[in-house]
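# Topology and contacts: notes
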Number of protein chains: 2
Amino acid sequence: MSCKIHAESYNEIIERNWPAGIKKTRQRMDIFEILYASENPISANDIFVAITRSHPQEMYAISTIYRNLLAFEKAGVITKHVLSTEDNAVYELSSRRHHHYAVCLLCHKKFPINACPLHIIEEDIDNSLPGFEITGHTLEVYGYCKDCKSE
Amino acid sequence: MSCKIHAESYNEIIERNWPAGIKKTRQRMDIFEILYASENPISANDIFVAITRSHPQEMYAISTIYRNLLAFEKAGVITKHVLSTEDNAVYELSSRRHHHYAVCLLCHKKFPINACPLHIIEEDIDNSLPGFEITGHTLEVYGYCKDCKSE
DNA sequence: TTTCAAATGCGAATGATTTGCATTTGCAAT
DNA sequence: ATTGCAAATGCAAATCATTCGCATTTGAAA
């Protein structure tokens, strides 16, 4: 039996993490909640489906999802990723502990990797681009996985 | 007065670098030539325009550009990048000395950075994902540039 | 040469994302 | 509380990069 401590409600979390200058609407809070709960980066459509499921009585427009993802992105709250092997963008909270992926160009499988170059980047940007404020980053490695290479 | 040594013709370069298992067609050689000549990552449409300009008498279909970019990508010859702030993909030779970019979420300006995490990635993949053969990678940093931050 | 799978041109389809506009809503100032 | 209004939303249509189907052409192996 697992023993998870439910330290704070979503309301408290939202209260604490809400980005300045972004009006708080029901739709935005719902989107934030889905992003907060998701282990992995998810697409606009994933969010749309998840919200439609958990709030069947409410009306949602997919365009609202896109508009708000853009607003969150501009606020530095989320980071948008586009894999070269997939046809839609995925999003995750910039603050979330994340993985980068090695992606096979043939079978398109994604393998999480440990390397995260954030420290190098920060150091480099401090030196060569002073004044730039980092909010997020993406890294993907492309190549051939073991199985595909042996063919 | 600059003094560039024109060591080898495109024909020789193509001869030397042509990926195995990819049939050599006029269209593919033209695309390769454009990619080879380009300092920066370029889009499918950029390539289409460049080829149309330099070979006005020849027929080209934009779909051929896309199909061949995909073929080159699968062969590991080129790497496809999609910036979260732009709406089309760009491509560059995987072997080319490249830059990564810090991208401003507000003005969308791109600032080349020096950091390239390839060594860390290679080391990590050797350990955690043995057998994976790296052909290329992408890295982008998102945030606010100095000018946009002061507003 | 001949042969044939693979590549191309062309035009139409796809589908993720964006946009215009009438309506609704959060919230700051009464 | 109520009001006023800029900002946000729902809806449907538009956009536009990318992909696909198919008839024709072509590279290169035999």
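Residues numbered from 1 in each chain as written. Chains lettered and ligands numbered in written order. Predicted model: local features only at pLDDT ≥ 70, side-chain atom pairs only at ≥ 80, totals over all residues. Heavy atoms only, no water.

### Some words on the overall build of chain A
Summing up its helical and strand segments, chain A has six helices and five strands in all. Counted from the first residue to the last, chain A has its helices and strands arranged as α-α-α-α-β-β-β-β-α-β-α. Across its three principal directions, the C-alpha atoms of chain A cover 50 × 40 × 40 Å. The contacts in chain A between residues at least 6 apart in sequence include a share of 51% that link residues at least 24 apart. (Helix = DSSP H or I, 4+ residues; strand = E, 2+ residues; numbered from the N terminus. Contact = heavy atoms within 4.5 Å.)

### Some words on the sheet that holds strand S1 (residues 42-43) of chain B
Residues and elements named next belong to chain B. Taken together, the three strands give an open sheet; going across it, the order is S1-S3-S2, and neighbouring strands pair in antiparallel fashion. Two strands in the sheet have a free side with no partner beyond their single neighbour: S1 and strand S2 (78-81). Bridging between S2 and strand S3 (residues 90-93) involves four bridges; their strand directions are antiparallel. Paired with Thr79 across the two strands is Glu92, which belongs to S3. Sheet contacts for helix H2 (residues 26-37): S1, S2 and S3; angle to S3, the most-contacted strand, approximately 85°. (Pairing = 2+ DSSP bridges. Axes fitted to C-alpha atoms, helices over the stretch in contact; angles between N-to-C directions.)

### Details of the sheet that holds strand S5 (residues 133-144) of chain A
An order of S4(A)-S3(A)-S5(A)-S6(B)-S4(B)-S5(B) is seen for the six strands of this open sheet, with the pairing classed as mixed. In this open sheet, the two strands that pair with only one neighbour each are strand S4 (110-113) of chain A together with strand S5 (110-113) of chain B. Direction aside, neighbouring strands of the sheet carry axes that sit 25° apart on average. Direction of pairing for strand S4 (residues 100-104) of chain B relative to S5(B): antiparallel, over a ladder of four bridges.

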